[in-house]
Amino acid sequence: MTTAHNRVAVLHGVNFDILDRRDPEVYGGLSLSELEGRIGSWARELGQEAIFFQTNSEGEFVEYLHRVPEMADAAIVNAGAWSHYSRAIADALDVAALPSVEVHLSDVEGRDEWRKVSVFDGLVLAKIFGKGPDGYREALELLADKLGTSA
Ligand code: DQA
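Because the structure is predicted, anything quoted here is derived from the model rather than measured.

Q: Honestly, the nonpolar core in this entry has me stumped. Any pointers?
A: In a soluble, globular protein the nonpolar side chains are often hidden away together inside. Grouped together as the largest cluster of nonpolar side chains are 24 residues, with contacts concentrated most on Leu11, Phe61, Leu65, Val68 and Phe120. Elements with a contribution of two residues or more to this core: β1 (7-12), β2 (49-54), α3 (58-71), β3 (74-78) and α4 (87-96). Within the second largest apolar cluster, 22 residues are counted, among which are Leu19, Ala74, Tyr136 and Ala139.

Q: Hey, could you run me through the pairing of strand β4 (residues 100-104) in this one?
A: β4 sits mainly inside the fold: five of its five residues count as buried. Neither face of β4 is left uncovered, since the one carrying Ser100, Glu102 and His104 and the one carrying Val101 and Val103 both have all their residues buried. Strand direction decides the pairing type here: β3 and β4, joined by three bridges, are parallel. Residue pairing in the sheet places Ala75 in a bridge with Ser100 of β4. As a crossover connection, the stretch from β3 through α4 into β4 is right-handed. Pairing of β4 with strand β5 (residues 126-129), which is carried by four bridges, proceeds in the parallel orientation.

Q: Please explain the packing of helix α2 (residues 32-45) against helix α5 (residues 134-147) as it appears in this structure.
A: What describes two packed helices is the angle between their axes and the distance between those same axes. Between α2 and α5, the shortest axis-to-axis distance is 10 Å and the interhelical angle comes to 30 degrees. Considering the angle they form, α2 stands roughly parallel to α5. Crossing of α2 over α5 shows right-handed handedness. The segment α2 lies against α5, with Leu35, Ile39, Trp42, Ala43 and Glu45 engaging Asp134, Tyr136, Arg137 and Leu140. The class makeup of the residues in the contact of α2 with α5 is six nonpolar, no polar and three charged.

Q: What should I look at first to understand the environment of Leu46 in this one?
A: Examined against the element boundaries, Leu46 turns out to sit in the loop between α2 and β2. Ignoring anything within four residues of it in the chain, the contact list for Leu46 reads Leu140, Glu141 and Thr149.

Rules behind the numbers
Residues numbered from 1 in each chain as written. Predicted model: local features only at pLDDT ≥ 70, side-chain atom pairs only at ≥ 80, totals over all residues. Heavy atoms only, no water. Core = buried A, V, L, I, M, F, W, Y, C linked by side-chain atoms within 4.5 Å. Buried < 20%, exposed > 50% of the residue type's maximum accessible area, 1.4 Å probe, protein only. Helix = DSSP H or I, 4+ residues; strand = E, 2+ residues; numbered from the N terminus. Pairing = 2+ DSSP bridges. Right-handed = clockwise from strand over helix to strand, strands pointing away. Axes fitted to C-alpha atoms, helices over the stretch in contact; angles between N-to-C directions. Parallel < 35°, antiparallel > 145°, perpendicular 65-115°, else oblique. Left-handed = near helix turned anticlockwise from the far one by under 90°. Contact = heavy atoms within 4.5 Å. Nonpolar A, V, L, I, M, F, W, Y, C, P; charged D, E, K, R; others polar.

These figures come from the coordinates and say nothing about function on their own.
In structure tokens, the structure reads:
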């Protein structure tokens, strides 16, 4: 059952609409709807309600973050390449002031130098990367603990 304090917004940024067309060696070959399906099931198992958003527009991502505190109690953010340089998105996440976890499917620390930088440093509870879709499950568990909704 959905109760207050268990709604988790899952935000995907640029190029996630074409996740199934990106290098399967790096991203696993899943489509975004398959990924969201898995996240939704894990959330239900944990007694959470996941709500999903994806855009390729940085401005829309920022505007969603402006509204997110009205819709959710916590957030999981995979902003794709924006994670490495968009101070605008980091500022908006800061203002949203929700418990948040940064997730990346791939091992951002073991790839290009520029992917090691994250604008969300200091704003998120954790940065989970290199675990594929399972990283989202870990993020949901962490947020369930934080929100006090774990079984
Ligand atoms: C990504 C990692 C980013 O460096 C990249 O730009 C993406 C996907 C990931 O989930 O591994 O678009 O966020």
